[in-house]
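# Architecture at a glance
Chain by chain, the residues run as shown.
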Amino acid sequence: MSYKNIFFSLLCSALLITSQVNAEETTATNIENTTESRTESSTESSNATANGNTEQATTMPHFDTEVAGVPFIISTEQLGTAVGVSGIIKHAGQPQASIFGLGLYSENDSNISFISFNNYALPGLKSWLFSTEYYRGYLSNGIYYVPAARAPGEPRTTNEVIAEGTESSLRVNARYVLPWGLGANGAARSLKQQRGEVEFNPLESGVTSINITPFQQQRDVTGYDNLPDIAQGLELKFDWDNRDSIGDTESGSQTRFTVRRDFGNDERNSWTTWELEQSAFVPFDGNMFFKEQVLAFNYYLADTPTWDSGTGVADKHRPPSFAGIKLGGFNRLRGYSSGQFYSRSAVSYSAEYRVKPHWQPLHNLPFYDFPWWQWSAFAETGQVSDSFDLSALHDDLKWTAGLGLRFNVEGVLVRIDFAKSENGGQTWFMVNQPF
């Protein structure tokens with residue numbers, strides 16, 4: 001289990017005990033209400049002025065900040081027994097904003113901490129939202145995948161190693177929502193997506209955004225000082241989210257194109273990667289067993305165009321394995337460990353059959369709200385290659401298949417997937433759909 005698996009398992013545990021923590025879902029109603037309040041107040045103010053009334057109506061939106069926290073205890077192979085605490089502040093200074101934090105300490109002296117500030121708006125920038133997140137983890141007994149030694153011309157592989165390691169990640173995101181489709185009323189209002197007719201025209205449907213994200217990632221594995229240990233640069237992402245709903249998608253599509261650039265310095269080479277991801281969702285009528293049926297498809301293609309630039313092995317413009325193009329983990333090729341396959345380019349195909357049964361035994365639980373649950377069956381295939389060649393990418397494809405459960409718990413989508421591959425099985429405990 002990598003640090004990401006540990007972190008997200010803890011996150012899921014925290015979400016199950018707190019309440020809604022997804023700012024995009026939990027604050028949507030509040031955003032709508034405060035926007036309506038602004039409109040009503042503006043109308044009242046105009047009427048007051050017309051009538052010569054000097055009393056001014058307030059235009060400030062009202063919202064209540066909510067705070068929740070929970071201690072927890074877990075046990076894993078890497079951590080042993082660990083104790084920690086997580087907390088969430090909803091409507092943190094603004095109706096659409098939230099702050100989430102988590103920290104833990106284990107009996108083998110490992111520790112993990114994470115904090116994020118989500119969806120903040122600045123005065124006068126109606127079409128922008130700003131977020132930042134920071135993660136740091138120290139594992140005294142971590143599991144890592146590092147590039148294996150190989151002869152020229154042989155396929156690139158990775159070795160699993162158990163070692164002491166420190167990782168950190170810092171991301172600062174500026175999201176510009178284009179003023180059309182659901183973004184016509186501003187970035188904050190675009191966070192609320194409702195079921196409705198989906199049109200395949202970004203000017204009329206969905207949310208189109210451009211994300212600008214400076215990033216820094218570091219990983220230091222004891223005994224592997226020869227490996228690159230830092231990636232730092234800029235990520236630019238174009239996203240057209242044309243789904244009818246986030247997390248509970250029945251129809252529509254989502255298109256993402258991401259470019260990451262590390263400009264390098266005197267101590268590390270520059271590099272560039274790009275990723276294209278396309279998802280599509282096809283609904284089917286319900287039947288006597290299921291009230292909702294959806295076929296979900298995802299296509300992923302990625303490359304490192306600078307891979308062969310430079311002279312000599314040490315001078316190649318390639319990203320570190322933890323920051324480059326890879327497959328395996330909780331979203332792609334779920335039957336394999338995180339980052340198990342790393343190379344210049346990658347392709348993957350995923351298909352899921354998602355159903356909501358009429359039978360819902362969790363609906364009447366006294367302490368938590370379970371509006372729905374979902375069953376899924378999925379199959380995936382993919383491959384990495386040292387060249388950006390479609391023939392090589394489709395040679396000896398890796399396959400996984402599995403079953404999953406997804407729960408809406410107080411507005412948070414919790415996912416449990418079990419996937420099988422030729423290497424055995426993997427169980428993932430996550431938040432949000434894989435696509």
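For the structure, check the block above.
Quantities reported herein were computed from a predicted structural model and do not represent experimental measurements. (Residues numbered from 1 in each chain as written. Predicted model: local features only at pLDDT ≥ 70, side-chain atom pairs only at ≥ 80, totals over all residues. Heavy atoms only, no water.)

### A closer look at the overall build of the protein chain
Where we set the bar: Each helix is a run of DSSP H or I of at least 4 residues and each strand a run of E of at least 2, with the numbering of both proceeding from the N terminus. For every residue, the accessible area (1.4 Å probe, protein chains only) is compared with the maximum for its type, and the residue is labelled buried under 20%, exposed over 50%, or partly exposed between those bounds. When checking whether two residues touch, look at their non-hydrogen atoms; a contact exists if any pair is within 4.5 Å. Per-residue and other accessible areas were derived by the Shrake-Rupley procedure at a 1.4 Å probe size, with only the shown protein chains allowed to occlude residues.
When helices and strands are tallied, the protein chain shows 4 helices and 18 strands. Relative to its full complement of 435 residues, the protein chain shows a buried share of 48%. Long-range pairs, those at least 24 residues apart, make up 60% of the contacts in the protein chain with a sequence separation of at least 6. Total accessible area on the protein chain is roughly 20,700 Å²; 55% of this is exposed by carbon and sulfur atoms.

### Examining the environment of A231
Topologically, A231 is positioned in strand 8 (residues 230-243). By relative accessible area, A231 is classed as buried at 0%. Taking the C-alpha atoms as reference, A231 lies 9.5 Å from W271; in sequence the two are 40 residues apart. When sequence neighbours within four positions are dropped, the list of residues in contact with A231 reads F215, Q216, Q217, D262, W271, P320, F322 and A323.

### Observations concerning the pairing of strand 5 (residues 128-147)
Filter applied, for reference: Being paired, for any two strands, means DSSP has found at least two bridges between them.
Of the strand pairs in this sheet, strand 4 (residues 111-120) and strand 5 are connected by 8 bridges, and their pairing is antiparallel. Counted as the bridge partner of F117 is T132 from strand 5. Note that strand 5 and strand 6 (residues 158-177) share 18 bridges and pair antiparallel. The residue bridging T132 from the neighbouring strand is V172, located in strand 6.

### Details of the environment of V177
Take V177: it is sitting in strand 6. A relative accessible area of 0% places V177 in the buried class. Along the sequence, V177 and N211 sit 34 residues apart, while their C-alpha atoms lie 8.6 Å from each other. In this structure, V177 is in contact with S127, G183, A187, S190, V207, T208 and S209, ignoring residues within four places of it in sequence.

### Description of the pairing of strand 14 (residues 345-357)
A large share of strand 14 lies buried, amounting to 10 of its 13 residues. In terms of strand pairing, strand 11 (residues 290-303) meets strand 14 through 12 bridges, oriented antiparallel. Its bridge partner being in strand 14, L301 is matched across the sheet by V347. Sheet analysis places strand 14 next to strand 15 (residues 373-385), joined by 11 bridges and oriented antiparallel. In the strand pairing of strand 15, E352 is matched with F378.

### Section: the packing of aromatic side chains
This is how it is decided: What counts as a ring pair is set by centres within 6.5 Å for rings of Phe, Tyr and Trp (its six-membered ring), and what kind of pair is set by the plane angle: stacked under 30 degrees, edge-to-face over 60, tilted for all other angles. Charges are assigned to positions over rings by a cutoff of 6 Å between ring centre and Lys NZ or Arg CZ, combined with an angular limit of 35 degrees from the ring normal.
Applying the stated rule across the entire model yields 16 aromatic pairs. For the ring pair W274 and F388, a centre distance of 5.6 Å and an interplane angle of 80 degrees mean the geometry is edge-to-face. Highlighted residues: W274 in strand 10 (residues 271-284) and F388 in the loop between strand 15 and helix 4 (390-393), separated in sequence by 114 residues. Among the aromatic residues, those joined into a ring-pair cluster are F289, F290, W359, W373, W375 and F407. When the ring centre of F435 is taken as origin, the NZ or CZ atom of R354, which lies over that ring, is 5.1 Å away. Above the face of the W372 ring, K356 is positioned so that its terminal group lies 4.3 Å from the ring centre.

### Observations regarding the pattern of salt bridges
The condition that has to hold: The salt bridge definition used is simple: a Lys or Arg side-chain nitrogen within 4 Å of an Asp or Glu carboxyl oxygen.
This structure, assessed with the given rule, holds 20 salt bridges. Among the ionic pairs, R256 bridges to D239, the shortest N-O distance being 4.0 Å. Note that R256 is positioned in strand 9 (residues 252-262) and D239 in strand 8, a separation of 17 residues in sequence. Given a relative accessible area of 28%, R256 falls into the partly exposed group. Note that R243 and D241 form a salt bridge whose closest N and O atoms lie 2.7 Å from each other. The exposure classification of R243 matches that of D241, with both residues buried.

### Observations concerning unusual backbone geometry
The backbone of H91 shows a phi angle near 55 degrees, a positive value even though the residue is not glycine. By the secondary structure assignment, H91 is in the loop between strand 2 (80-90) and strand 3 (98-106). Despite not being glycine, D396 shows a phi value in the positive range, around 55 degrees. Relative to the elements of secondary structure, D396 occurs in the loop between helix 4 and strand 16 (398-409).

### Let's talk about the nonpolar core
Here is the rule: We call a set of buried residues a nonpolar core when its members are Ala, Val, Leu, Ile, Met, Phe, Trp, Tyr or Cys and they connect through side-chain atoms within 4.5 Å of each other.
Residues L79 and L104 are the most contacted members of the largest nonpolar core, which totals 18 residues. With 4 residues, strand 5 is the single largest residue contributor to this core. The next biggest cluster of nonpolar side chains, apart from the first, holds 9 residues, and it includes Y300, L333, Y336 and F341.

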